[in-house]
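Fold and geometry: a report
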Amino acid sequence: MRSLKIMDGCKGTQVFAINPSGTTPTNGGVGDKVGHSRVNSVRSRSNWSFQAPNPTGNNALVESLLPYELPSSDLLEPQIEPCLKTVDFVEALADVYCRIENCPQFEKSKMYVEQCAIFRGMSDPKLFRRSLRSARQHAVDVHTKVVLAAWLRYERREDELVGSSSMTCCGRNVECPKASLVAGYDPESVYDSCCCSRSGGDVDGETADADEECSTSKEEEADMSFYIGEDEIMCVRYKIASLSTPFRTMLYGGFTETRRQKINFSQNGVSPEAMRAVEVFSRTGKLDSFEVRIVLDLLSFSNRFCCDELKSACDAHLASLVCELEDAMVLIDYGLEETAYLLVAACLQVFLRELPNSVHNPNMMRLFCSSEARQRLAMAGHSSFVLYYFLSQIAMEEDMKSNTTVMLLERLGECATESWEKQLAFHQLGVVMLERQEYKDAQCWFEAAIEAGHVYSMVGVARAKFKRGHKYVAYKQMNSLISEYTPVGWMYQERSLYSNGKEKMMDLNTATQLDPTLSYPYKFRAVSLLEENQIGSAITEINKIISFKVTPDCLDLRAWFSIAIEDFEGALRDVRALLTLDPNYMMFHGKLHGDHLVELLQPLVQQWSQADCWMQLYDRWSSVDDIGSLAVVHHMLANDPGKSLLRFRQSLLLLRLNCQKSAMHSLRLARNHSTSEHERLVYEGWILYDTGHREEALAKAEESISLQRSFEAFFLKAYALADSNLDSESSTYVIQLLEEALRCPSDGLRKGQALNNLGSVYVDSEKLDLAADCYTNALNIKHTRAHQGLARVYHLKNQRKAAYDEMTKLIEKARNNASAYEKRSEYCDRDMAKNDLSMATQLDPLRTYPYRYRAAVLMDDHKEAEAIEELSKAIAFKPDLQLLHLRAAFHESMSDFVSTVRDCEAALCLDPNHADTHELYGKARERLNEQQR
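Cut-offs used in this document
Residues numbered from 1 in each chain as written. Predicted model: local features only at pLDDT ≥ 70, side-chain atom pairs only at ≥ 80, totals over all residues. Heavy atoms only, no water. Helix = DSSP H or I, 4+ residues; strand = E, 2+ residues; numbered from the N terminus. Contact = heavy atoms within 4.5 Å. Lys, Arg positive; Asp, Glu negative; His and termini not counted. Charge placed at Lys NZ, Arg CZ, Asp CG, Glu CD. Core = buried A, V, L, I, M, F, W, Y, C linked by side-chain atoms within 4.5 Å. Buried < 20%, exposed > 50% of the residue type's maximum accessible area, 1.4 Å probe, protein only. Expected span 1.5 Å × (residues − 1). Arc of directions from axis to C-beta. Pairing = 2+ DSSP bridges. Axes fitted to C-alpha atoms, helices over the stretch in contact; angles between N-to-C directions. Parallel < 35°, antiparallel > 145°, perpendicular 65-115°, else oblique. Left-handed = near helix turned anticlockwise from the far one by under 90°. Nonpolar A, V, L, I, M, F, W, Y, C, P; charged D, E, K, R; others polar. Disulfide = S-S within 2.5 Å. Phe/Tyr/Trp six-rings, centres within 6.5 Å; stacked < 30°, edge-to-face > 60°. pLDDT = per-residue confidence, 0-100. Salt bridge = Lys/Arg side-chain N within 4 Å of Asp/Glu carboxyl O.

Secondary structure assignment for the protein yields 50 helices and four strands. Expressed as lengths along the three principal axes of its C-alpha atoms, the size of the protein is roughly 105 × 75 × 70 Å. Counting only contacts in the protein whose residues sit at least 6 apart along the sequence, the fraction spanning at least 24 positions is 62%. Counting 105 positive and 132 negative side-chain charges, the protein places the averaged centre of each group 4 Å from the other.

Counting residues in each nonpolar core, the largest one holds 281 residues, and the members touching the most others are Phe226, Phe247, Phe301, Leu352, Phe368, Phe561 and Ile563. For this core, the element with the most residues is helix 18 (residues 385-398), which contributes 10 residues. Sequence-distant contacts of Ile563, defined by excluding residues within four places in its chain, comprise Val62, Leu65, Leu66, Phe568, Ala571, Phe588, Leu597 and Leu601. Ala803, Tyr804, Ala814 and Leu837 belong to the second-largest nonpolar core, a separate cluster that totals 20 residues.

Next up on the list: helix 32 (residues 610-622). With 13 residues, helix 32 extends 18 Å between its outermost C-alpha atoms, agreeing within 8% with the 18 Å of an ideal straight helix rising 1.5 Å per residue. Buried within helix 32 we find Cys613, Leu617, Trp621 and Ser622. Considered in projection along helix 32, the buried side chains sweep an arc of 160° and stay on one side of the axis. In helix 32, the exposed positions angled more than 90 degrees off the buried face are occupied by Ala611 and Met615.

With respect to topology, three strands assemble into an open sheet ordered 2-1-3, the strand pairing being mixed. Each of the sheet's edge strands pairs with one partner strand only, and the pair in question is strand 2 (231-235) and strand 3 (262-264). Averaged over all pairs of adjacent strands, the angle between their axes in this sheet comes to 25°, without regard to strand direction. Judged from the three bridges that link them, strand 1 (residues 224-228) and strand 3 form a sheet pairing that is parallel.

Time to look at the packing of helix 13 (residues 308-321) against helix 15 (residues 341-353). It is the contact of helix 13 with helix 15, at a shortest axis distance of 7 Å, that shows an interaxial angle of 15°. Relative to helix 15, the element helix 13 lies roughly parallel. In this structure, helix 13 crosses over helix 15, and the sense of that crossing is right-handed. Contact with helix 13, carried on its side by Asp315, Ala316, Leu318 and Ala319, involves Tyr341, Leu342, Leu343 and Ala346 of helix 15 and no other residues of that element. The class makeup of the residues in the contact of helix 13 with helix 15 is seven nonpolar, no polar and one charged.

As enumerated under the stated definition, the model contains zero disulfides in all. Not part of a disulfide, Cys659 finds its nearest cysteine sulfur in Cys554, a span of 11 Å. Counting only cysteine sulfurs, Cys744 is the nearest neighbor of Cys774, a cysteine outside any disulfide, at a range of 16 Å. Note on Cys774: relative accessible area 7%, which makes it buried.

Moving on: the packing of aromatic side chains. The description of an aromatic ring pair rests on the distance of the ring centres and on the angle between the ring planes. A full pass over the atoms with the stated rule returns 29 aromatic pairs. When the centroid spacing of 5.3 Å and the interplanar angle of 35° are considered together, the rings of Phe247 and Phe305 count as tilted. Here Phe305 lies in the loop between helix 12 (292-304) and helix 13 and Phe247 lies in helix 9 (residues 245-252), a separation of 58 residues in the sequence. Classification of Phe305 by relative accessible area gives buried; the value is 13%. Plain terms: the ring middles of Tyr520 and Phe524 are 6.0 Å apart, the flat faces sit at 45° to each other, and that makes the pair tilted. Highlighted residues: Tyr520 and Phe524, both in helix 26 (residues 519-531), separated by four residues, approximately one helical turn. With a relative accessible area of 4%, Tyr520 lands in the buried category. Put simply, the rings of Phe128, Trp151, Tyr154, Phe385, Tyr389, Phe390 and Trp420 touch in pairs and so form one group of aromatic residues.

With that settled, the discussion passes to the confidence of the model for the protein. When pLDDT is averaged along the protein, the result is 89, and 91% of the positions lie at 70 or above. With pLDDT under 50 throughout, residues 1-32 is counted as low confidence; its partners more than four residues away or in other chains account for 105 contacts. The model gives residues 199-217 a pLDDT under 50, and that stretch makes nine contacts with residues more than four places away or in other chains.

What follows is about unusual backbone geometry. In terms of backbone geometry, most residues other than glycine have negative phi values and most peptide bonds are trans. With omega at 10°, the peptide bond leading from Leu355 into Pro356 counts as cis. Of note, Pro356 is situated in the loop between helix 15 and helix 16 (362-365). Phi is positive for Asn798, which is not a glycine, with a value near 65°. As for its position among the elements, Asn798 is in the loop between helix 42 (786-796) and helix 43 (800-813). According to the relative accessible area criterion, Asn798 is exposed, its value standing at 71%.

Counting buried positions along strand 1 yields four of five residues, so the element is predominantly enclosed. Counted along the chain from strand 1 to the antiparallel partner strand 2, the turn is two residues long, and its residue Gly229 has a positive phi close to 65°.

With that settled, consider the pattern of salt bridges. Taken as a whole, this structure holds 57 salt bridges when the rule is applied. For the salt bridge of Glu696 with Arg172, the shortest nitrogen-to-oxygen distance reads 2.8 Å. With Glu696 in helix 37 (residues 694-707) and Arg172 in the loop between helix 5 (142-155) and helix 6 (177-180), this pair connects stretches of sequence that are 524 residues apart. Judged by relative accessible area, Glu696 falls into the buried class, the value being 17%.

With that settled, consider the environment of Glu494. Relative to the elements of secondary structure, Glu494 occurs in helix 24 (residues 489-496). The exposure class of Glu494 is buried, given its relative accessible area of 1%. Taking the C-alpha atoms as reference points, Glu494 and Ala511, separated by 17 residues in sequence, lie 9.1 Å from one another. In this view, Glu494 contacts Pro78, Val459, Arg463 and Met478; residues no more than four positions away in its chain are not counted.

Further remarks concern the packing of helix 2 (residues 89-102) against helix 3 (residues 108-119). Packing of helix 2 against helix 3 brings their axes to within 9 Å, and their N-to-C directions diverge by 165°. One element, helix 2, and the other, helix 3, form an angle in the roughly antiparallel class. Once helix 2 is placed against helix 3, the crossing between them reads as left-handed. Residues Phe89, Ala92, Leu93, Val96, Arg99, Ile100 and Glu101 of helix 2 touch helix 3, and the partners they reach there are Lys108, Met111, Tyr112, Glu114, Gln115, Ile118 and Phe119. Partitioning the contact of helix 2 with helix 3 into residue classes produces nine nonpolar, one polar and four charged.

As structure tokens, this is what we get:
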């Protein structure tokens, strides 16, 4: 747990006092439900060796499993990312932070949407969600509030929750459908409880009052009447005149009607019922007693006769009635025809909150897709870049090649006015056209994006030219790009597509050095080794990236390799794991559904009963084999798909593997399949906590405990409470909660985690003996990660050798565990620490502590340039708060205040509330101002 400090937090603000726990602040919250440790692939790389298949029966078996032959390197190519991507990401972060801070308050929402677009390309979805909330917080007009509130709801994917309505309110103004329909700038109240969560007024009483007022005699005696056919509508002249300038002119402007008490209104297309309603409104200002059709007539009347107050009242009244999709489908056309802003907003809100399902509804998409539809929305004040940004992103996720996606992106381009908006819209159109194999159009859109300033779109131009047969032109273009800009990994990756032999491999190796998170170089090298009949080496190569970045395509490739060497258990493990990430995944270059391959492989491996599966899960969980554990859970769910406990376990494993989207999907399925109210509340609590709603999560835990005391409810409450700086009293309460959890029935997997967390609280409370007991008890039930906590206890007791040995045990049990190597480096001398941290970086380049440690050592040795370079190497592919803050501090110590300010601004873009960076930023700006005087 982040706040329980399973691994020590980064303490102090000194530049060189670095501790590993600060390495991954974005993983600290949710992932720590199951511990901090990251794992590598199921098998150690050294365990793979190529064995020639049996030339008889087994060979035929392998051929039957590989009907599409082995993978070919010619069919591999990296995906062009459909997001904004800059050559200097730090500069982009710093720039958007400064503009947000300095722009007028009414412009902040739009700036935060731009920040969203920048964060979209980063691996941490929390940054995107935080920026989206800020955009909603600073929204001014109803349209923007409606779109952003719906987008926030979509990011939580509440559409996957059984029994949840699209108009269900989360209890806060930020997403409340009613609050979104109220115009105005009020950023302070956006996180307050909304009117939905408070007791409503006496609506029935208000309606009754209105009816009574309408039915009583008029306060003023009627002095005129309108005739429509044979119907006479008695009116008060000055009340009717007050409705609009045309009526005032007609009734008091010297026209014939001025002198008449009876006016024939039959030729104006107004029904008697509508005119009576106009008369009532002129006296009461209310519409509550009228049927919807009458109010719609009044809306048309108000437009025809310029009755602004009547139109506003009709607009607001009709908007308040839109609660269901059927209502919205009926009323949206009326709203667009009469340009009723609030009514259209209310209908639009229902459509947007029905996403992603509404993307597949042609009746709804007709309202957005064509140019005419966009212009119609614009007439009603509801066409915007943020609307089409939201719609197009969902369309791309659902089906990138669809005509709907293309049309929505074209509308996005039409709405684009700012440079970054054009870059995004044109680049995404290029990506979609490339997927549709419309290469000429793709090239045109990419070129338009480049003209708008998006350098990364040059990759798209090169790819489109390559697809059209101009390989050398594509190579020259990428060569020019590398020469013109500071090289980054994706440049060399793209150029490798257009070269051969040693030059190609050199580019791929350079790409990996600059950005080890790019998967294509590993995949290409692995398949190339396979083509040279070095399958063991191919598996070793693909294992390198699977050890820190688990994706379906890499698991697909490893399964392919495993079948080739007749390791059917390994293949089945990987196929089950990738189906957990993507249940619809098509194997073998999209030619075979993963489920079908599971059916083919199952008869070739040892069969397990459900009891065997539990034993296998226990063993793999204990040995920090997350992919293996994931495969076992997938097997168990095939036999018992409604088991919510297994879905919850699945979500925990996926969080450990940093697959947050899939983890949240599994957690929602756990909630949907829960068999009791108290269990459902726990899963809803975790969903709330994982999406940043800590207080609501605590409320769910307490409600669950009130229904039934359970391990998971107490554990959730302890976990959520501990997500803050604990004082002595709070620590005692968390200890009590964890002890209560341990008294409740559960399995060893979860009890081991509770004991581990309890030990962490005892350590923070300086109760080391009690902590040691907890960790020892956790180890007795095979909770392997407790070795790390026990090592910490030994270290605090000044038993450094024992701490080192304890971490060695963890490394041996968990195979190549990057976090274990990283942690062990704290308990040995500098040279041994360097070796451990080098191994940690090799196993997981995304861990930032090793870079910070090496940079601090270099700084201590007065090698400032090398220290900066060490940090810059990691920042290039992972702009991390701690890395940026440390580099800023280094720049400040070297009196390079320009670079200090830039790094501080980039860091504050990632976390605007980071106190140490704010302090450093203030000092650096003062010094910079002094230099410039």
